Each structure stands twice: as structure tokens, then as C-alpha cells.
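# Structural description and commentary
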Amino acid sequence: MNLFEYIRPTSVAEAIAAAGEPGSAYLGAGTNLLDLMKGGVTSPNRLIDLTHLPDLGKIEQLPDGSMRIGALVKNAALAHDTAFSKAYPAVAEALLSGASAQLRNAATVGGNLMQRTRCAYFADPASACNKREPGSGCDAIGGENRHHAILGWSESCIATHPSDFCVALTALDATIEIEGAGGRREVPITDFYLLPGDTPHEETVLEAGEIIVAIKLPANAAGFAGHQRYLKVRERTSYAFALVSAAAALEIENGTITEARLALGGVAMKPWRSAAAEAALAGLSPTREAFEKAAEAAFADARPSGENAYKIELGKRVVARALAMAAAGTPERMPALPASPFASDTGAIAHV
Amino acid sequence: MSDTISLPGGNARFGSNSGQPMTRRDGVLKVTGAATFAADNHPDGMLYAVTANATISRGRVTSLNVEAAKAHPGVVEVITPANRPPLAITPEAKPYPFAFNIEVLQDDTVRYAGQEIAMVVAETLEAATEGARLLAPTYEAETARVGFDDVDSFDPDAVGVGAPPVAEKGDIDAGLAKAVNRISASYETPAQYHNAMEPHAMVAQWDGDRVTLDTPNQALVMSTGAFGAWFGIPPENVTIRSPFLGGGFGSKAIVFGGQVLTVLAAKMLGRPVKYALRRDQMYGPVGHRGATRQAFRMGMDAEGKLTALEHLTTSTTSTFEDFIEPASNASHDLYASPALSSRHKAARLDIGTPGPMRAPGEASGSAALESAIDEAALAAGLDPLEFRLRNYAETAPMSDKPYSAKALRECYAQGAEKFGWSKRPMQPRQMKDDAGRLVGWGMGTALFPAPMFQAKAKATLRADGSALVETAGADMGQGAWTALHQIAADGLGLDIAQVEFHSGHSGLPDGGIAGGSGHTATAGSALHAAGKDAIAKLTELAVNDEASPLFGAGNIGVTARDGRLHRADDPSRSESYGEILARAGVSELGGEGQGARDPSSAEEYAMFSHGAVFAEVKVDPELCQIRVSRLVGAFAAGRIINPRLAASQLYGGMIWGIGFALLEEAVHDRRSGRIMNANLAEYHVPVNADVPPMDVILVDEDDRYVNALGIKGVGEIGITGTVGAIANAIWHATGVRVRKFPIGIEALLAETSAH
Ligand SMILES: Cc1cc2nc3c(=O)[nH]c(=O)nc-3n(C[C@H](O)[C@H](O)[C@H](O)COP(=O)(O)OP(=O)(O)OC[C@H]3O[C@@H](n4cnc5c(N)ncnc54)[C@H](O)[C@@H]3O)c2cc1C
Ligand code: SF4
């Protein structure tokens, strides 16, 4: 690891000022950043530790009914906050399906939003990677890319965004509160992430030195609380990133879907909101046919970026299932295996 | 002292020591962090070594920026092929047992990605790490060959550790010709890595021409000879301390280059040096389970009896050393067939040399064989258990030797009963759970050799009637500190609390190798014999002493029990060890023992542990995610010294089987040859959520030939049987036969699209 300076600011303003220097990086819990530094993937020359900043660790209900989550709130703390998980159960479920208990206890929500891709070539300094080193090429193309993107990728980069949390936030129209030298601004999460295009090293709309101070979930998102689920498919039952995941939320009135929300994980360099699938569902009754139609719509533009065509078929099935789970209603209690296809009771075997 | 552990309370004893489910003696030390592992040692003045590892798979290092590394604050020395001090032997010499051709910076060639190409030594770990990065090597790279299809195969001279590559009996083609049903099928297993929790580490400190090494090691005394050879000093000048290993699985039995370089660096710089591998550095220089392709042909007569069984394995090895996964040998000793052929080919790739990894040969071989047997049973129209019973071998099929003991029928029966196997429908896709998931049941037979090596031990009776026993054993987490202690106490007729046990130090009598599932049998036999020897000497004193109640009992004999010698014909006449010694004026009485197999039994009998594993899996019918939901294993492995520890070993093996079947695979980039998932986030082993409720049944087995104590081994057998059982259960659930491990979503998805 390179020698670096460690700074522990006491206010957001101080942090932003410190980050004005080129080569600076904000440090949350470090569960992602420190790994990348140890692997020589990034080598900032100053770390600005945010974890001692006051006021960024709160979960608050705002007067308009929305909820504001400070950037330093721990992933586990948010998932286990009763008011929060009641209002946004799919977000809690997504959080609890991510990483491991130890990591969730440490990791901050700001860090979760900003975690880097798990593309193995990005993590390997000996490989060409346009994201790590603009213009160097992309070794994932033509390489081991069974986990790579099927939507929104470019010839420059086929990586995916790994977060589960962000997928559920995206379905529910979260906004990100950002502070920088020029003051505070709010950006909808759907506009926060950038697709790779020709500039895969630019991942979000954050300007240099800007800091995430909070995440907001709108009051109206709570209208979906009765019908929202997160579903995450992967080989290992826990402690693995999604091959494909989906957050689905429905408003159902008198047997008809009045509004649908759908976002996908593991498929693109951003949590992928599917307006087409949502539109396809509005006004239909919540049936398997409707869900399959939405699934087709969600992946209409999908194409393999390598040996990952299977993810398109898998993705469709994940969407149809997630919608069916949402339609069935949010479970009373968080399943023991959140977001897992094995979440529900594994009861007695029926011979058929 | 690092080579002894005081005994925690709570080990209540009921009767003898062996057979009791005592808790681990080292358990408290481990859960409180008091156990000292190799890398926990920090002698005064210690320096830190970090290696730079090659990022190409084949070619040459053309430059290293040694100046930049040396200029980094804290860096003390950079060792490269250009300045590496001489060693007493070359890597090709291999003068000691289990010697591999290893990398000790002998030249600038790169033979695999991850190979050590330089070592940086610094005052801190951070400085050494940054120094290694600053070396910024450049290379002349040649095309990497990392896949089976990249090279031609060849006929190896030997497989595994010196085993013949071909064994044949009868006429396969004739057997197939007369068969009523036949199958042929090919399976593939990937490269897998040991991934012990504790990374390999070495702390080396010299004192004149003597060196002390703190390093996790599965064969302490043998390794003193190895390190002695590299440095031109006698084995007795090398001390290895290895009280605990955080897992070894075969990867800590073989000396690798980084260890030799650490010892060399300590000598060169005149200070202690520590080298601990990073997780990613464990993917290359320290062995792995080589990939295999395994092709079978089987024929069955009208009754479902095998008429021919052919097993041809192609295993990968490195370009410069042979370790050929002996997978076909799994077919030698299990199913009866008049025609039997097991052969091996090998393929040289630009990879680190494979090595023994928990159940080497047996694990990969069993995974494929048990899958093929399932296919054969289906072809024969028989239940897989019935098929196995019809092909039950009464004598070892390849050698025709009788088994020393074989309670496999009981394993089948007890496992099947516990699992409920009789309710299994023959056809696949017949069962669902109430959530609509596909449910499947599969089984596999477990088989593992019961070898013994050579070991020595000492026992010393003390004036107060207590005793000290010593052997340089190795506890990798399997429980040697406990099980060996139990056996030793029984040899002496003492309660375990009266016996002090020293182990894990090369200065003690040679405890042999902790490998091949033979450590308890071998070191245990030595310890038991040492105790008996001491007791025999004590008996001599007593029966010849007129003042002893045992006087004159020489012909009648005495038994040693609870710290007293009793007349065999009149147990009420007894005397304590302390009294006998005190009267004889002897303050300490020593005994010695050896553990080794009786050569005539070894010649006469086939010696194996057996088992039967039954698996239930659930598969989501659309999403194709798989989860094992039940595992039952029944194992017959001779005398069980400690049922708690034995069951733990079997659970661990079965869990490893889950990983083998569903998760484990090193993924090489096909162009650079680098392993792209060389970390525990991306190289998947099972986590708790993957592990279902498991039952282990320890089936009684009295084996009178393996050794005097009747001990076999349980360390590795749990993987065998389990992998096939899971693969077969997946077929039974889905109707899809996946012949490439690990079995995952993608393979099933392709076959289930048409719904
Ligand atoms: C083995 C493993 C498995 C994992 N599995 C999953 C998984 O299944 N699903 C999942 O969603 N995640 C998973 N994670 C990722 C985990 O969620 C992230 O590592 C974690 O959320 C990052 O939080 P942190 O506070 O540690 O961030 P850090 O590591 O401290 O920072 C991450 C990045 O965010 C930046 N940053 C941090 N805070 C701010 C801020 N307030 N404003 C601006 N930038 C900021 C940092 O500069 C850095 O670039 C896994 C991680 C590991 C190591
Ligand atoms: S996919 Fe993107 S992150 Fe991965 S190597 Fe290519 S450019 Fe880098």
C-alpha cells in the first residue's frame, strides 16, 4: 500500500475543503475502499475519514412523510430500523441480502452507493481496464464475463454495479443529497449513476470533492409497502453478489395493478429501472401472464456482452418471480434468508 | 511453552479415555485467541518479507525496478535472481521425501501466474508491500496454456505420490460386448484451491548454524530434513515449531519456495524474517487440486452386474513438475467387475504444480465415479442403492485381496434407513416441496484408504504416578491434541488428566505425517506402544520385588488401569505406579514406541474406510438456484477414538463436498492464465446458509488388521461419496444430468428454458 495522509475532519465543510486536493478519497467504513487500496487498484494519497462527522448517522422522518437516512448510517442499522423497514420493506430486504453480517454492521449506506464494480479485471491491476485506467482497454471483453452486463454496456466497459441496496432504492425513487463546495443539491438516484459509454471511469454525477450526505425516500413510496419484494439469485445461498436481482413494488387496487415499480440489479453499470416493464403492468391484473409480459419488456433491449446470454433468460424469470412475490404481499416478518428463492418455508415434501 | 497445552476442565471421564467424546483441548485457546499460530510470532528485530508474484503465466521477467523498491523508506533488501545468495541444493535435486521442483529465484523464467519473482524485506509489512509493488516487473510473455484443449496429453510415469498410472484386469471390450446395458459418460472437475483459513506463514531465525522456524507444517520432523537440505545443515540443526495449523488439507505438507526464501533472507540479513502469504498468493505456489476430465465406459448384465468398468482420467499438472491427480484409482477398490481398467493421462499447463488436497484423487475420482454409477443404475433400471449392492465387492476388485474389514453394507443400511431412501421414486422430477421447489434424492459411496506411515513416541512415568508423553504430531484443527492424548493415556492406563502431552515441535520424537487420514492411526499407535513399553518396564520392577503385592505375577500378567497395576488373576491385588517407582528408587521410567503397519497384514489385506452418503437437494424450478437440504452420511472407519471429533471431521468433509459439487472453481483468464477469482469473496466455499442439517452415523467396525488399535481414519472420506450424492440428487430433482463441476444455475437454466 502506498503512503497516504489520513485526515479526520470534524464537519462536512471541513471534509469538502480537504477533498479539494487532487488524489483525495473519502473513507467510509473502508470495506470496499481499503480492499481496493491493498490490491493496488486505487492509491489515493489522502484519505478523508467521514466516520467521525456529526449528524450524518441519523434516520429521520421528515414533516412531509419522507425519510432521510444519513450517509453514515450502517447498512445493518438501517435494515433493522423498525419504522424504516415497515415503510420500505424491499429496501431492508435488499440490504440484508448483501454481503455478510459483519460487513453490514460496518458498512455505511454512503459507501454502499459508491462501492465499485466487482469486475475481476477492474480489481486486477495487471489487466487492461478503461474504468481503472482510461484508454487502456477492457480485458473483460473476450475474457471471463459470465457475470457481466446485459443492459446499457458499451464497447468500453461491460461491468455491472454490485449493490443490492441501490436496486431497491431505485425502484422506490430515492433521491441523493449531495454537498460540495458549491452547496447542497439533490439528485434522483435514477440520474445519479452514469452508463459507461466512452467514459467508464465516470460513474456518478458526483463532482470532485462532493460528498453524499443523505439518501431520501419519498413519502409516496410507502404506498407500495404492502406489495414489495427484493429477489436475488446467485449460486451461493448467502454472502455472494447477485447474478441477477430485482426489486418489485406494486400498488394493487381491486385486483388491478394501478402502479408498478421495477428495478434490476446485476445487469448494468447502474441499478436498472425499467419504465417499459412498469408501463406494461399498469392496469393489468396481477397474473403470471402479466408478469411474464413485463419481464419480456424489461429485457427487450438486453444483449449479451460475452458468455452471459443466460443472464437474459435468468433475468426474465427473476422479474416474473419478483413481481409474483410482490403481488402475493410483503411478508409479515423478514424471511430468514432475505431475498432468497429459498426464503419461504422449506416444508414437507409432497410427492406429485 | 508452545508445545504443550494445559488441560481445561470439563473433560469428565467415564471408563477409558478412547471412545469418549471429549472436547478439544485446544478449543479454549482458540476461541480466546490465546493459541499462537506461526504468524503470531514476533521475535525481536524481526523483518517482514513480501514477494512480488508474476502476472504472466509463461515467459521471462525482463526488468525489476529494484532501485525504486530499495529507495522506499523502510525497505532493507530486495532479493532477485540477480543477487540471491547460494543455496545448498538446486530445485531439481529433490533429495528429501515429497520434494517438489519449486521456485527459489533460481532464474528469470516465469512458469505460472502467481510464481514468486522477487522478495522484498523491510522493517514493516507496509513498506515491504509497497516495495514489492514498486518493482513494477516487465516481462517477455509467451502464450499461456491453461485449458485442457490448449495442449496435448501425455502418458505419465506415475500418478499421485508414486502410484502406477495404469491398472487393468480382464477384458473391457469383451465385458462391454456381452453387456445388456451400457453407458459411457465424461465428467469434468475444475482446479480447486485449499484455502485454509490460516495463510501459509514462516518466521525464521538463525543462531549460528542452527535455525528455528515457526511455520504451519503437517510433517514436522520430515521437514527438518528438507530445510536442512536447502541450507546444507543437518536436520537436527533445524527446529520447527508448529503447535497449531489453521487448516492444512495437504498444502502444508510440502515445502514451497517462499519458505526457503524466508529462511535465506533471515540468514542473509542476520535478523529474523517473517513471510505470510496474502490470500491471493495462495493461488499458485502452494499447490491445488488439479483439474480432471474423466471418461467412463460401463457395461451391465441382465441382473445389473457390472461386466466392465473403465475409468480414464486426464489430469492437469505444471510444465515442470508432476503431480497427477490419481482420480481413476477411485475405481480400483469399490465395485466388483470382471473387467476393470483404470488409466491416467496428464496435460502440462502453465499453472503452479498441483498437490495433494484433502482426498487427492479420491475426491475428484469419487465425484465422477459415483455420478457414473448413478447413470449405470438408471440404465440397468435399478434403484441406485440396489445397483450398488448388486455390485458389492467382497474382495478388492483390482487386487483381489480380502478387505481387512468392510462394514459398507451396514453403512448403506443405516444411512438409507435414517434418510428414508426406500421412499425414493425411480424417475426424476417426481418430488416437490410445498413451495413448489423440485426435490431430488441421490446417494454416493464413500471410500478412502486407511494408510499408516511411520511414527515414534516416548512415554515417561513420573515418581508421582503421572506421565509425560511426547510425539511431534500436527494438529490442523482435526483434533490431534485431543485424540492422540486420549490414546496415549490408555497406553499408560492413566486418566487423561494425569498425562501431560507434548506435540507440535520437531524436537520431539517423529510423529510422522498428518496426511492421508493416517495420523491418528500412526502417531496414536506409537504413543500407545510407548505407554505399553513404560508399563512393561514398570511391571518388571513390580513382579520382581518381594515387597510388592504383585511379586511373582510375571507369568500370570498384570493389567494397568487407573494408575495402578493389577494382578490379572486377582484384580484386588494391586499397587499404584508411584508406589512401585518409589520402592525401586526410580524417579522416572521411560518407554518408547513406534507406529507402523505390520508388513504382512499390509501385504495380505486391502484396507479402507467406507461410507454411504445420502443427499437431498431442492432446486427452484425456474430460477434454478440449488440448495442442499439434507445430508446423511454413515461411515465405518474402524475404532473411533473420539466420536465428537470424528463426526466433526466427517461433517467438514461432507461440507467440502457441497463446495465441490456446487461452488468451488478457480477461474483462469484464458489469455493471461491468471486466476481471476483468487480471493474468498469470489472463490466460493460454502457458507452457513449452504449447509443443511446433517447426520453422521458412526458405524461399528472392528478391524483387526489395520493396526493393533483398529484405527483407520476419518479426515478425508467425508468428501468422497458426498459430491456424487449431491450431483445425483440434482439429476433426480430436475432430470438434468450435469457432468461438469461445479453444478450451477447456468447449466440447469439451459435445460429448463422450455417451460
Ligand atoms: C466480500 C464482500 C461481499 C459483499 N457483498 C455485497 C453484496 O452482496 N451486496 C452489496 O450490495 N454489497 C456487497 N458488498 C459491498 C459492501 O456493501 C460495500 O463494501 C459497503 O457498502 C461499502 O461501504 P463502506 O462504508 O465500507 O465504504 P468505503 O469502502 O469506505 O467506501 C466505498 C467508496 O465510497 C466512497 N464513499 C464512502 N462514503 C461516501 C460518501 N458519504 N460520499 C461520497 N463517497 C463516499 C469512498 O470514497 C469509496 O470510493 C460486499 C463487500 C465485500 C467486501
Ligand atoms: S468491464 Fe469495465 S471495469 Fe471491467 S475491465 Fe472492462 S472497463 Fe474495466
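Note that the structure is a prediction, hence the values are computed from the model and not measured.

Definitions and limits used
- Residues numbered from 1 in each chain as written.
- Chains lettered and ligands numbered in written order.
- Predicted model: local features only at pLDDT ≥ 70, side-chain atom pairs only at ≥ 80, totals over all residues.
- Heavy atoms only, no water.
- Pairing = 2+ DSSP bridges.
- Helix = DSSP H or I, 4+ residues; strand = E, 2+ residues; numbered from the N terminus.
- Axes fitted to C-alpha atoms, helices over the stretch in contact; angles between N-to-C directions.
- Contact = heavy atoms within 4.5 Å.
- Buried area = accessible area lost by both parts, 1.4 Å probe.
- Salt bridge = Lys/Arg side-chain N within 4 Å of Asp/Glu carboxyl O.
- Polar contact = N/O pair within 3.5 Å; in protein donor to acceptor, adjacent residues only side chain to side chain.
- Nonpolar A, V, L, I, M, F, W, Y, C, P; charged D, E, K, R; others polar.
- Buried < 20%, exposed > 50% of the residue type's maximum accessible area, 1.4 Å probe, protein only.
- Expected span 1.5 Å × (residues − 1).
- Arc of directions from axis to C-beta.
- UniProt positions renumbered as here; feature names shortened; annotations may be inferred.
- Domains from an automatic or database assignment.
- Near = heavy atom within 4 Å.
- 1 Å grid on protein atoms, 1.4 Å probe; cavity = no way out; pocket = protein on both sides within 12 Å on 5 of 7 lines; lining within 4 Å.
- Sits in = over half its atoms within 2 Å of the grid points.

### A closer look at the sheet that holds strand S19 (residues 455-462) of chain B
Residues and elements named next belong to chain B.
- Reading across from one edge, S21-S20-S19-S25 is the order of the four strands in this open sheet, with mixed pairing throughout. With partners counted over all chains shown, the strands left at the sheet margins are strand S21 (499-502) and strand S25 (588-595), one partner each. Direction aside, the axes of adjacent strands within the sheet are offset by 20° on average.
- Sheet topology places strand S20 (residues 467-470) next to S21; four bridges connect them, and they run parallel.

### Quick word on the interface of chain A and chain B
- Each side of the interface is counted separately: chain A has 49 residues, and chain B has 48 residues.
- When chain A packs against chain B, the two sides together hide about 4,200 Å² of surface, and 51% of this comes from carbon and sulfur.
- When residues of chain A are sorted by the area they lose upon contact with chain B, A:Arg236, A:Arg317 and A:Phe342 head the list and together hold 18% of the total.
- One can count eight salt bridges joining chain A with chain B.
- Between B:Glu622 and A:Arg321 there is a salt bridge whose closest N-O contact spans 2.9 Å.
- Along the contact surface separating chain A from chain B lie 20 residue pairs in polar contact (both at pLDDT 80 or more).
- Looking at the side of chain A that touches chain B, the elements that each hand over two or more residues are strand S9 (228-233), helix H12 (310-328) and strand S13 (349-351) of chain A.
- With six residues, H12(A) is the largest single contributor of residues to the side of chain A that touches chain B.
- When its residues are assigned to classes, the side of chain A that touches chain B shows 23 nonpolar, 11 polar and 15 charged.

### Here we look at the side chain of B:Gln649
Residue and element names in this part refer to chain B.
- Looking at where glutamine 649 falls in the secondary structure, it is placed in helix H14 (residues 643-662).
- On the basis of relative accessible area, glutamine 649 is assigned to the buried category, the value being 15%.
- When neighbours within four sequence positions are excluded, glutamine 649 is seen to be in contact with Arg358, Gly477, Gln478, Val714 and Gly715.

### Some details on helix H9 (residues 408-419) of chain B
Residues and elements named next belong to chain B.
- Along its 12 residues, H9 runs 16 Å from first to last C-alpha, staying within 8% of the 16 Å computed at 1.5 Å per residue.
- Within the sequence span of H9, burial applies to Leu408, Cys411, Tyr412, Gly415, Ala416 and Phe419. The arc that holds the buried residues of H9, viewed along the axis, is 115°, so those residues lie on one side.
- Those residues of H9 that are buried are in contact with helix H8 (384-390), strand S18 (438-449), strand S26 (608-619), strand S27 (626-636) and strand S28 (694-698).
- Following H9 by one or two positions, glycine 420 adopts a phi angle in the positive range, close to 85°.

### So, the UniProt feature "domain: FAD-binding PCMH-type" (unreviewed entry) in chain A
- The feature "domain: FAD-binding PCMH-type" (unreviewed entry), as annotated in UniProt, sits at residues 1-222 of chain A in this numbering.
- Measuring from the first to the last C-alpha atom of residues 1-222 of chain A gives 45 Å, for a span that is 25% helix and 17% strand.

### Describing the sheet that holds strand S6 (residues 138-141) of chain B
Residues and elements named next belong to chain B.
- Ordered by their spatial adjacency, three strands build an open sheet running S4-S2-S6, and the pairing between neighbours is antiparallel. Lying at the two open borders of the sheet, with one neighbouring strand each, are strand S4 (109-110) and S6.
- Bridging between strand S2 (residues 59-63) and S4 involves two bridges; their strand directions are antiparallel. In the sheet register, glycine 59 faces S4, and the bridge partner there is valine 110.

### Comments concerning the pattern of salt bridges
- Under the counting rule described, the total for this entry stands at 68 salt bridges over all chains.
- Between A:Arg118 and B:Glu682 there is a salt bridge whose closest N-O contact spans 3.3 Å. Separated into two different chains, A:Arg118 in the loop between helix H7 (109-114) and helix H8 (165-171) and B:Glu682 in the loop between H14 and S28 make up a pair that spans both.
- On the accessibility criterion, B:Glu682 (26% relative accessible area) is partly exposed.
- We note a salt bridge from B:Glu310 to B:Arg297, for which the minimum N-O separation is 2.7 Å. Linking B:Glu310 in strand S15 (residues 306-318) with B:Arg297 in strand S14 (residues 292-300), this pair joins segments that are 13 residues apart in sequence.
- Residue classification places B:Glu310 among the buried positions, given a relative accessible area of 10%.
- Exposure remark for B:Arg297: the relative accessible area of 30% places this residue in the partly exposed category.

### Quick look at the domain arrangement of chain B
All names here are of chain B.
- Taken domain by domain, chain B holds domain 1 (5-35 + 454-596), domain 2 (38-397) and domain 3 (401-452 + 597-755).
- The gap between the C-alpha centroids of domain 1 and domain 3 is 36 Å.
- Both faces considered, domain 1 and domain 3 share a buried interface measuring about 1,700 Å² in area, 59% of it formed by carbon and sulfur atoms.
- Of all residues in domain 1, the largest losses of buried area upon contact with domain 3 belong to Ser517, Ala521 and Ala596, amounting jointly to 30% of the total for that side.
- At the junction of domain 1 and domain 3, the tally comes to zero salt bridges.
- For the interface between domain 1 and domain 3, the tally reads seven residue pairs in polar contact (both at pLDDT 80 or more).
- The set of elements that each furnish at least two residues to the side of domain 1 that touches domain 3 consists of helix H10 (480-492) and helix H11 (519-543).
- For the side of domain 1 that touches domain 3, the element with the highest residue contribution is H11, accounting for six residues.
- Across the side of domain 1 that touches domain 3, the residue classes break down as six nonpolar, 20 polar and one charged.

### Considering the UniProt feature "domain: Aldehyde oxidase/xanthine dehydrogenase a/b hammerhead" (unreviewed entry) in chain B
- Cross-referencing UniProt, the feature "domain: Aldehyde oxidase/xanthine dehydrogenase a/b hammerhead" (unreviewed entry) maps to residues 32-143 of chain B in the present numbering.
- Across residues 32-143 of chain B, the secondary structure splits into 14% helix and 27% strand, with the terminal C-alpha atoms separated by 49 Å.

### So, the site of ligand 2
Residue and element names in this part refer to chain A.
- Around ligand 2, the surrounding shell holds 13 residues, and the nearest of these are Cys119, Cys129, Cys138, Cys157 and Ile158.
- Cavity membership is defined here by more than half of the atoms lying within 2 Å of grid points; on that basis ligand 2 lies in the second largest cavity.
- Along the lines of polarity and charge, the residues of the shell around ligand 2 split into 10 nonpolar, two polar and one charged.

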